[in-house]
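Each chain, written out:
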Amino acid sequence: MRYGGWYQIAFERELEQAVSSVPVGDRRLLIVRHQGEINVYDAICPHRGADLGIGGKLVESNIITCPYHGHRVSLGGEGGGPYCVRKYPVQVRSGLVFALIGGFEEGKLPEMLDYLERTHKIFPGFTKTIKVPPEMVIENAFDWAHFPPVHDVIKVEYGEPTIEDGVFTATTTLRVGPSMWQGTDDGSHHDDGSTWVEVPLLARAYSPNLTITQVAVGGGDHPHFVIASAVPMLDGTSTIRLSVAMPRLAEGIDPPQELADIILQFESMGLEQDRPVWENLALDMTPQYTADDENVLKYRNFCERFILNGRA
Ligand code: FES
Ligand SMILES: [Fe+2]
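Residues numbered from 1 in each chain as written. Chains lettered and ligands numbered in written order. Predicted model: local features only at pLDDT ≥ 70, side-chain atom pairs only at ≥ 80, totals over all residues.

## Looking at the domain arrangement of the protein chain
Each domain of the protein chain was delimited in the assignment, giving domain 1 (5–101) and domain 2 (109–306). One C-alpha centre belongs to domain 1, the other to domain 2, and the line joining them spans 31 Å. Taken together, the contact pairs 17 residues of domain 1 with 20 residues of domain 2. Among the elements of the structure, strand 1 (5–11), strand 2 (19–24), strand 10 (90–93) and strand 11 (96–101) are those that each provide at least two residues to the side of domain 1 that touches domain 2. With six residues, strand 1 is the largest single contributor of residues to the side of domain 1 that touches domain 2. For the side of domain 1 that touches domain 2, the residue count by class is eight nonpolar, six polar and three charged. (Domains from an automatic or database assignment. Contact = placed C-beta atoms within 7 Å. Helix = DSSP H or I, 4+ residues; strand = E, 2+ residues; numbered from the N terminus. Nonpolar A, V, L, I, M, F, W, Y, C, P; charged D, E, K, R; others polar.)

## Re the environment of T239
With respect to the secondary-structure elements, T239 resides in strand 19 (residues 238–247). Take T239: there are 21 C-beta atoms within 10 Å of it, and that puts it in the buried class. (Buried ≥ 20, exposed ≤ 12 C-beta atoms within 10 Å, placed from the backbone.)

## Section: the pairing of strand 3 (residues 27–34)
Both strand 2 and strand 3 contribute to a ladder of six bridges, which runs antiparallel. Across the sheet, S21 pairs through a bridge with L30, a residue of strand 3. In this antiparallel pair of consecutive strands, strand 2 and strand 3, the connection spans two residues, and G25 shows a positive phi of 55°. The pairing of strand 3 with strand 4 (residues 37–42) spans six bridges and is antiparallel. Across the sheet, the residue bridging to L29 is D42, located in strand 4. (Pairing = 2+ DSSP bridges.)

## Observations regarding the pairing of strand 15 (residues 167–176)
Only one face of strand 15 is buried, namely the one carrying F168, A170, T172, L174 and V176, since none of V167, T169, T171, T173 and R175 on the opposite face is buried. Relative to strand 15, strand 13 (residues 153–158) runs antiparallel, the two being bridged by five bridges. Across the sheet, the residue bridging to V156 is L174, located in strand 15. In this structure, strand 14 (residues 162–164) lies alongside strand 15, joined through three bridges in antiparallel fashion. Pairing of I163 across the sheet is with F168, part of strand 15. Connecting strand 14 to the antiparallel partner strand 15 that follows it, the hairpin turn spans two residues, and D165 within it adopts a positive phi of roughly 50°. Direction of pairing for strand 15 relative to strand 16 (residues 197–207): antiparallel, over a ladder of nine bridges. Residue F168 lies in a different strand from strand 16, and its bridge partner there is A205.

## Description of the nonpolar core
Formed by 69 residues in total, the largest nonpolar core has its most connected members in Y7, I9, L29, L30 and A99. Here this core spans two domains, since at least three of its residues come from each of domain 1 (5–101) and domain 2 (109–306). Non-local contacts of A99, meaning those with residues more than four positions away in its chain, are made with Y7, I9, L29, V40, Y88 and V90. (Core = buried A, V, L, I, M, F, W, Y, C linked by C-beta atoms within 7 Å.)

Put into structure tokens, the structure is as follows:
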């Protein structure tokens, strides 16, 4: 796999056992649940390569026995013994499990998640498999020129991206028709000025594999956030996990699940609109970019800082 950085590697609800194994590109990660804590390690047994997440047994909080020859493997190097697997930095928030791959800085993601948990309720969403590299999924938020043809919007305004504290940030404002929100447009795309709404997006990429996008439907001052991550699989697909954070209605009053479901459904529909283009992309051709692709090129440039190139 090409890039490291933050990935959402699982939803907590997917972790039914005390130990499980999840693929991330050419790595396999071991997720261990123990006494309400979740930790992530390399899943490959250093003895001869068995997957510790498939049949491994947690015998102490930091020791797992391998399902193949029964060697004791130390989790994260504590506990001694000849075998040990590396530990990854994790963030577990509101049912979402993030891991940082490649030894990069944690950066601003933990702070952003703090903010969202304080002011919003995070609703874990859905998983989708699409045959596309993960960085293309994340790039989508910055490829403003694709919105009108693919997502049926009539107008896009966009800002110059910035990189602050390692976060790639760009604003895009869409003018969205009723068909997207209410299913009532007759296909004429007639903008009578009343039913079309402005939707300012403020997208932040924390890595080539994770964006958190602030969405203010109608320009309101109670935006919701979409948390989207894409994890590469060896077969060329990506596992996309998408969740939403809805603003609290008042101090201590959670927004209803139904509201989150509407947004999740809308986001799912958006990905299905991208799917036919993504799944048939010629990834080996040489692009001939235009001036409209400037934000994409800047995002691509940002991705370079996450190249793994043999990094742990
Ligand atoms: S492969 Fe793990 S003990 Fe042999
Ligand atoms: Fe898209």
